[in-house]
Amino acid sequence: MRSVVTGGAGFIGSHLVEHLLDRGDEVIVLDDLSTGGMANLTRVEDHPLLTVHCGSVLDEATVFAAITGADRVFHLAAAVGVRLIVEEPLRGLRTNIHGTENVLEACRAVGARLLLASTSEVYGKNTADALSEDSDRILGSPLLSRWTYAAAKGIDEAFAHAYWSQYGLDVAIARFFNTVGARQTGRYGMVVPNLVGQALRGEPLTVFGDGRQTRCFSYVGDIVPAIVRLIMEPAAAGQAFNLGGAHEVSILELAERIVEITGSSSPIVLVPYEQAYAPGFEDMRRRVPDNSRAEALVGFAPATSLDDVIREVATDLAKRNDGVPELTLLSKDR
Ligand code: UDP
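About the cut-offs
Residue positions are counted from 1 within each chain, in the order its sequence is given. Per-residue local features are limited, in this predicted model, to residues with pLDDT of at least 70; the limit for side-chain atom pairs, both in listing and counting, is 80 or more; totals at the level of whole chains, interfaces and linings are taken over all residues. Just so you know, side-chain values use all the structure's heavy atoms and leave hydrogens and water out. Only DSSP runs of H or I reaching four residues or more are called helices, and only runs of E reaching two or more are called strands; each is numbered from the N terminus. Here the globule rule reads 2.2 Å times residues to the power 0.38, and the radius of gyration is calculated from C-alpha atoms. Under the scheme applied here, a residue whose accessible area is under 20% of the maximum for its type counts as buried, over 50% as exposed, and between as partly exposed, the area being computed with a 1.4 Å probe on protein chains only. Contacts: residue pairs with any heavy atoms within 4.5 Å of one another. Only the protein chains shown count as covering a residue, and every accessible area follows the Shrake-Rupley method with a 1.4 Å probe. When charges are counted, Lys and Arg contribute as positive and Asp and Glu as negative, whereas His and the chain ends are disregarded. Charge positions are represented by NZ for Lys, CZ for Arg, CG for Asp and CD for Glu. Proximity is defined per residue: if any heavy atom of the residue lies within 4 Å of a molecule or strand, that residue is considered near it. Polar contact is the term for a pair of N or O atoms within 3.5 Å; when the atoms are in protein, one must be able to donate a hydrogen and the other to accept it, and sequence-neighboring residues count only if both atoms are side-chain atoms. Under the scheme applied here, ten amino acids are nonpolar (Ala, Val, Leu, Ile, Met, Phe, Trp, Tyr, Cys and Pro), four are charged (Asp, Glu, Lys and Arg), and all others, including Gly, are polar. Residues belong to a common nonpolar core when they are buried Ala, Val, Leu, Ile, Met, Phe, Trp, Tyr or Cys residues joined through side-chain atoms within 4.5 Å. For two strands to pair, DSSP has to find at least two bridges joining them. Call a crossover right-handed when, viewed with both strands pointing away from you, the route from the first strand across the helix to the second goes clockwise. Interaxial angles span 0 to 180 degrees and are taken between N-to-C directions of axes, which are lines fitted to C-alpha atoms, for helices over the stretch in contact. Convention used here: angles under 35 degrees read as roughly parallel, angles over 145 as roughly antiparallel, angles from 65 to 115 as roughly perpendicular, and any remaining angle as oblique. By definition, any crossing whose near helix is turned counterclockwise from its far helix by less than a right angle is left-handed, and any crossing with a clockwise turn is right-handed. Within this analysis, patches are made of residues with over 30% relative accessible area and no salt bridge. Like charges are joined at 9 Å or less; nonpolar side chains (Val, Leu, Ile, Met, Phe, Trp, Tyr) at 5 Å or less. Within this document, salt bridges are pairs made up of a side-chain nitrogen of Lys or Arg and a carboxyl oxygen of Asp or Glu, the two lying within 4 Å of each other.

Caption draft 1: The overall build of the protein, seen in detail. From N to C terminus, the protein includes 11 helices and 13 strands. The C-alpha radius of gyration computed for the protein amounts to 19 Å, which stays within 12% of the reference 20 Å derived for 334 residues, consistent with globular compactness. Judged by the C-alpha coordinates and their principal axes, the protein covers about 55 × 45 × 35 Å. When burial is assessed residue by residue, the protein has 53% of its 334 residues classed as buried. The long-range share in the protein, meaning contacts at least 24 apart out of those at least 6 apart in sequence, stands at 79%. When the accessible surface of the protein is split by element, carbon and sulfur atoms take 50% of a total near 13900 Å². In the protein, the 30 positive side-chain charges and the 43 negative ones have mean positions that sit 1 Å from each other.

Caption draft 2: Structural view of the site of the ligand. The full set close to the ligand counts 17 residues, and Asn194, Thr206, Phe208, Arg215 and Asp283 are the nearest of them. The separation between a nitrogen atom of the ligand and a polar main-chain atom of threonine 206 is 2.7 Å. Between an oxygen atom of the ligand and a side-chain N or O atom of glutamine 213, the distance comes to 3.0 Å. For the shell around the ligand, the elements supplying multiple residues, two or more each, are helix H6 (191-201) and strand E8 (205-208). Per-element accounting of the shell around the ligand gives the leading share, 3 residues, to E8. Its residues assigned to classes, the shell around the ligand shows 7 nonpolar, 5 polar and 5 charged.

Caption draft 3: Region of the structure containing the nonpolar core. In this structure, Leu16, Val17, Phe74, Val196, Ile227 and Leu243 are the most contacted members of the largest nonpolar core, which totals 56 residues. Every residue in contact with leucine 16, bar those within four places of it in the chain, is listed here: Val5, Phe74, Leu76, Val224, Ile227 and Val228. Leu30, Ala112, Tyr163 and Leu169 belong to the second-largest nonpolar core, a separate cluster that totals 23 residues.

Caption draft 4: The arrangement of the pairing of strand E2 (residues 26-31) in detail. Burial runs high along E2: 5 of the 6 residues are buried. Where strand E1 (residues 2-6) meets E2, 5 bridges bridge the pair, whose relative direction is parallel. Across the sheet, arginine 2 pairs through a bridge with glutamate 26, a residue of E2. Handedness of the crossover is the feature at issue here: the chain leaves E1, passes through helix H1 (residues 11-23), returns alongside E2, and the resulting connection is right-handed. One ladder, built from 5 bridges, connects E2 with strand E3 (residues 50-54); its direction is parallel. Bridge pairing links leucine 30 to histidine 53 in E3.

Caption draft 5: The arrangement of the environment of histidine 98 in detail. Structurally, histidine 98 is set in helix H4 (residues 89-110). Between the alpha carbons of histidine 98 and valine 57 there is a distance of 8.0 Å; along the sequence they are 41 residues apart. Once residues within four sequence positions are removed from consideration, histidine 98 is found in contact with Leu58 and Leu93.

Caption draft 6: Geometry of the packing of helix H8 (residues 251-262) against helix H11 (residues 306-320). At a closest axis distance of 10 Å, the pairing of H8 and H11 adopts a crossing angle of 60 degrees. Considering the angle they form, H8 stands oblique to H11. Seen from above, H8 lies across H11 with right-handed handedness. For the pair formed by H8 and H11, the contact residues are Leu254, Arg257, Ile258, Ile261 and Thr262 on the first element and Leu306, Asp307, Ile310, Arg311 and Ala314 on the second.

Caption draft 7: Molecular detail of a nonpolar patch on the surface. Taken together, the side chains of Leu33, Met38 and Val52 make up a nonpolar region of the molecular surface, amounting to roughly 190 Å² of accessible area. Examined against the element boundaries, valine 52 turns out to sit in strand E3.

Here is the structure:
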């Protein structure tokens, strides 16, 4: 089985690459090494079944070259992270729309199955008790750059669905809800590595807004096997699937857990959104997934606790960052 992973040197992509190689797949990575990097593939870089193409999904010829001969394509390459999207909206729009169109077209030409990575951002400000895949999207103005990611991913999904309905392309869509784990960087705004890094360095933990906004963090190790099962499941074609965590937590509670687990003496500070991002910035108050569709079709069951994920992220950051002192994490069996 030959699998292509666009964005394979990124956070989720690199975990997927390891998983596929462990299964015995031949794996081709297409990555422009912009937000990701070869350091994420250290464990497998010499693997005989791995090939890495350094190139952009915006380059049609490169995309076709990587995908020719593939059985399955996992399209994870994207401009992600609220900070990056707010600072560089054009990059987000171009990469996430044109890049996806190139991948869809190559998969159609080659007859490869496709798993498109999408996001819970597509639901926007819908605070429903549990968001199902058919829930409405409630987005702010397209002139606010925060919403360009949701807009672009929504177009990606519409493209994918049209390739399925008009061309019969075998494509499934996974909507990730705040996936976290080792190797995620806080550089582009993601809250868990950001706050864990601050706690380890003894800096104040910056909680934006009033900290009462909530998320359901999901562990990358729970997500990766689910997307592999989805791409292998013919009944998944033409559909979207929520993949989120099981427990809702406020960002303030998250910060408190991080301080406790890392034993940090850092204070937690509230930072107004306009200071953290830009004037007029809009956040989601709440984002809770209904995972039942993925549970029914491929047995998706998020099992890893937030505390365990925090420990893993802290251990990983300490290993990679010389500035972080030696760790004594609060043990599991307290
Ligand atoms: N956030 C925060 N401090 C940070 C980074 C993010 O309080 O240093 C907040 C952010 O405003 C949002 C939540 O944490 O309410 C999750 O942010 P992230 O960017 O990780 O994901 P998303 O906004 O896409 O859910």
